[in-house]
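Here is what each chain is made of, one letter per residue.
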Amino acid sequence: MHDGWFVEDTTHGPVQVDTFDPSRPHEGKVLGIVQAHADDMPLCSGGLVAKLVAEGYRAFIIQTTNDEKCGAGTIADAIKSNEVDVEALARSLDIEDVFNLGYRNHRQDENSIIEQRCRLIFLFRHLRVDTVMSFHPWARWEENPDHYITGYAVESACWIAGAAKSFPEQVQAGIPAHGVKDKYYWVMRPGSPYNHVTDISPFLDKKIESMATNKSQGPAGAHGRMLKARLAGEGLRLPELGEDDETADRQYIRLFGLEENKRMGAPYGLEYAEYHYYFPPGGTFPSMRVAERIDDYVKAHGVKV
Ligand SMILES: [Zn+2]
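These numbers come from a predicted model, not from an experiment. Within each chain, residue numbers correspond to sequence positions counted from 1 in written order. Residue-level local features of this predicted model are given only where pLDDT is at least 70; pairs of side-chain atoms are given and counted only at 80 or more, and the full residue set underlies all totals for whole chains, interfaces and linings. Hydrogens and water molecules were not included; the side-chain quantities draw on all heavy atoms of the structure.

K.L.:
Got a minute to help me understand the coordination of the zinc ion in this structure?
P.N.:
For the zinc ion, the full set of protein donor atoms is His37 (ND1), Asp40 (OD) and His147 (NE2), and the range of their distances to it is 2.0 to 2.1 Å. Water is not part of the atom set, so a site may look incomplete; the donors themselves are N, O and S atoms within 2.8 Å of the metal, or 3.2 Å for Na, K and Ca. Here the donor residues for the zinc ion map to a single chain with the spacing H-x2-D-x106-H. Of this pair, histidine 37 sits in the loop between strand E3 (30-35) and helix H1 (40-54) while histidine 147 sits in helix H4 (residues 145-160), and the two are 110 residues apart along the sequence. Whether a residue is buried, partly exposed or exposed follows from its accessible area with a 1.4 Å probe, protein chains only, as a fraction of its type maximum: under 20%, in between, or over 50%, in that order. The exposure class of histidine 37 is buried, given its relative accessible area of 5%. Put simply, DSSP marks the helices as runs of H or I at least four residues long and the strands as runs of E at least two long, and each gets a number from the N terminus on.

K.L.:
Sorry, what's going on with the pattern of salt bridges here?
P.N.:
Any two side chains of opposite charge can pair if their charged atoms end up close together. The term salt bridge refers to a side-chain nitrogen of Lys or Arg lying within 4 Å of a carboxyl oxygen of Asp or Glu. Using the criterion set out here, one finds 23 salt bridges in the structure. As a salt-bridge pair, arginine 189 and glutamate 142 come within 2.7 Å of each other at their nearest N and O atoms. Of this pair, arginine 189 sits in the loop between strand E7 (182-186) and strand E8 (196-199) while glutamate 142 sits in the loop between strand E6 (131-135) and H4; the two residues are 47 residues apart in sequence, bridging distant segments of the chain. For arginine 189, a relative accessible area of 22% gives the class partly exposed. Taking the relative accessible area as the measure of exposure, glutamate 142 reaches 18% and is therefore buried. In this structure, the salt-bridge partner of arginine 254 is aspartate 205, at a minimum N-O distance of 2.8 Å. Of the two residues, arginine 254 sits in helix H8 (residues 245-256) while aspartate 205 sits in helix H6 (residues 204-212), which places them 49 residues apart along the sequence. Residue class for arginine 254 comes out partly exposed when judged on its relative accessible area of 32%. One connected set of salt bridges, linked through shared partners, spans Lys215, Arg225, Glu246, Asp249 and Arg250.

K.L.:
Honestly, the confidence of the model for the chain in this entry has me stumped. Any pointers?
P.N.:
When pLDDT drops low, the exact placement of atoms in the prediction is not to be read closely. Per-residue confidence from the predictor is reported as pLDDT, which spans 0 to 100. With 93% of its residues at a pLDDT of 70 or more, the chain has an overall mean of 92. Whether two residues are in contact is decided by their heavy atoms: any pair within 4.5 Å suffices. Predicted confidence for residues 1-7 stays below pLDDT 50, and this span has 14 contacts to residues more than four positions away or in other chains.

K.L.:
Even after reading the chapter, I still don't get the packing of aromatic side chains, so can you show me in this structure?
P.N.:
Where two aromatic rings form a pair, the distance of their centres and the angle of their planes describe that pair. A pair of Phe, Tyr and Trp rings is counted when the ring centres sit within 6.5 Å of each other, with Trp represented by its six-membered ring. The angle between the planes then sorts it: under 30 degrees is stacked, over 60 is edge-to-face, the rest tilted. According to the stated counting rule, one finds 9 aromatic pairs in the structure shown. The interplanar angle of 40° and the centroid separation of 4.6 Å between the aromatic rings of tyrosine 184 and tyrosine 278 together place this pair among those described as tilted. Residue tyrosine 184 is located in strand E7, and its partner tyrosine 278 is located in strand E9 (residues 273-279); the two are separated by 94 residues in the primary sequence. You'll find tyrosine 184 and tyrosine 278 in the same group, each marked buried. Put simply, the rings of Tyr185, Tyr277 and Phe279 touch in pairs and so form one group of aromatic residues. A ring is scored as having a charge over it whenever the NZ atom of a lysine or the CZ atom of an arginine sits within 6 Å of its centre and within 35 degrees of its normal. Lying across the ring of phenylalanine 279, lysine 183 places its NZ or CZ 4.9 Å from the centre.

K.L.:
Just to check I follow, could you spell out the nonpolar core for this structure?
P.N.:
Residues belong to a common nonpolar core when they are buried Ala, Val, Leu, Ile, Met, Phe, Trp, Tyr or Cys residues joined through side-chain atoms within 4.5 Å. Core analysis: the biggest nonpolar cluster contains 26 residues, and Leu31, Ile33, Met41, Val49, Ile61, Ile95 and Met133 have the highest contact counts within it. By residue number, the principal contributor to this core is H1, which donates 7 residues. When sequence neighbours within four positions are dropped, the list of residues in contact with isoleucine 61 reads Ile33, Gln35, Met41, Val86, Leu89, Ala90, Ile95, Asp97, Val98 and Phe99. Counting 21 residues, the second largest nonpolar core, distinct from the first, contains Val34, Val129, Val132 and Ala157.

K.L.:
Can you help me understand the pairing of E9 in this one?
P.N.:
Both faces of the sheet carry side chains from a regular strand, because those side chains alternate between them. Most of E9 is tucked away: 6 of the 7 residues are buried. Relative to E9, E7 is paired through 4 bridges, and the arrangement is antiparallel. Along E9, the bridge assignment pairs tryptophan 186 with histidine 276. Where E8 lies against E9, 4 bridges are found, and the strand directions are antiparallel. Note on E9: the bridge partner recorded for valine 197 is tyrosine 275. Following DSSP output, two strands are said to pair if at least two bridges run between them.

K.L.:
Honestly, the packing of helix H7 (residues 223-233) against H8 in this entry has me stumped. Any pointers?
P.N.:
Axis angle and axis distance: for two packed helices, these are the angle between their axes and the distance between the axes, and together they describe the pair. Between H7 and H8, the shortest axis-to-axis distance is 6 Å and the interhelical angle comes to 105°. Here H8 runs roughly perpendicular to H7, going by the angle between their axes. Contacts from His223, Gly224, Arg225, Leu227 and Lys228 in H7 reach Asp245, Glu246, Ala248, Asp249, Tyr252 and Phe256 in H8. Residues are grouped as follows: Ala, Val, Leu, Ile, Met, Phe, Trp, Tyr, Cys and Pro are nonpolar; Asp, Glu, Lys and Arg are charged; all remaining types, including Gly, are polar. Classifying every residue of the contact of H7 with H8 by side-chain character gives 4 nonpolar, 2 polar and 5 charged. In this analysis, axes come from line fits to C-alpha atoms, helices being fitted only over the stretch in contact, and the angle between any two N-to-C directions falls in the range 0 to 180 degrees. Oblique is the label for every angle not falling under 35 degrees (roughly parallel), over 145 degrees (roughly antiparallel), or within 65 to 115 degrees (roughly perpendicular).

Written as structure tokens, this is what we have:
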């Protein structure tokens, strides 16, 4: 971490403003995105995921619920259409694979936390996940149990995955213990803590494309084509919405769906931004990185034997 990145100190730590580095500083690293619903990641992190993949990360989605409550038709229709949307989401951001855990939507709190942790640990070890992106389990104002239970399971799985005596049969079966090094937590509700600001302006088209894959639910997805159809019924047309439905969906997001990202960017002189709470390797505050302090101390005070 470079001291020059810090532009502000807050009660939740120094704030880092992060801009795109085209030198692929993360080549070969693995990003594990753990979301509960099809719209979570694209809304919170579509820009940052596009940036991290362009910087060299291989990315994977782990989806905890089956999204059965959100979408048109029956419960079975909703499960299917959301699954199709998440596959399209993965393609839109060059994400390599999607793992569906299939827990029932809005009922995450009925599942064994140990089972959820075990399944996440298996995947973190199998994929050799370096960096996780998910919900902040201690964020304020969160009302969705799928969000806080998923975040709670992820947080413990990240470090317990590195302990070989936890679920030792996995290790014995040839999947070595492997702890997650750093974490990006989402800012889902106003007032949730953040210490990381991403300039997403170079990746705005990718963020819009990722948000537009969510046809089944959420504030994005298919609203452009719906507005175009409504206006046509009233004998009107918005030229910005273009000629076809997919263009209308993406243009709708560009025109009306990025207000929050503009608001986040403004205090940092950015046109569009995303906020995250970032845990760097070794902890949030520089003083917590004990190994670095020991190295420095030995360098200054060590004497030849
Ligand atoms: Zn959600």
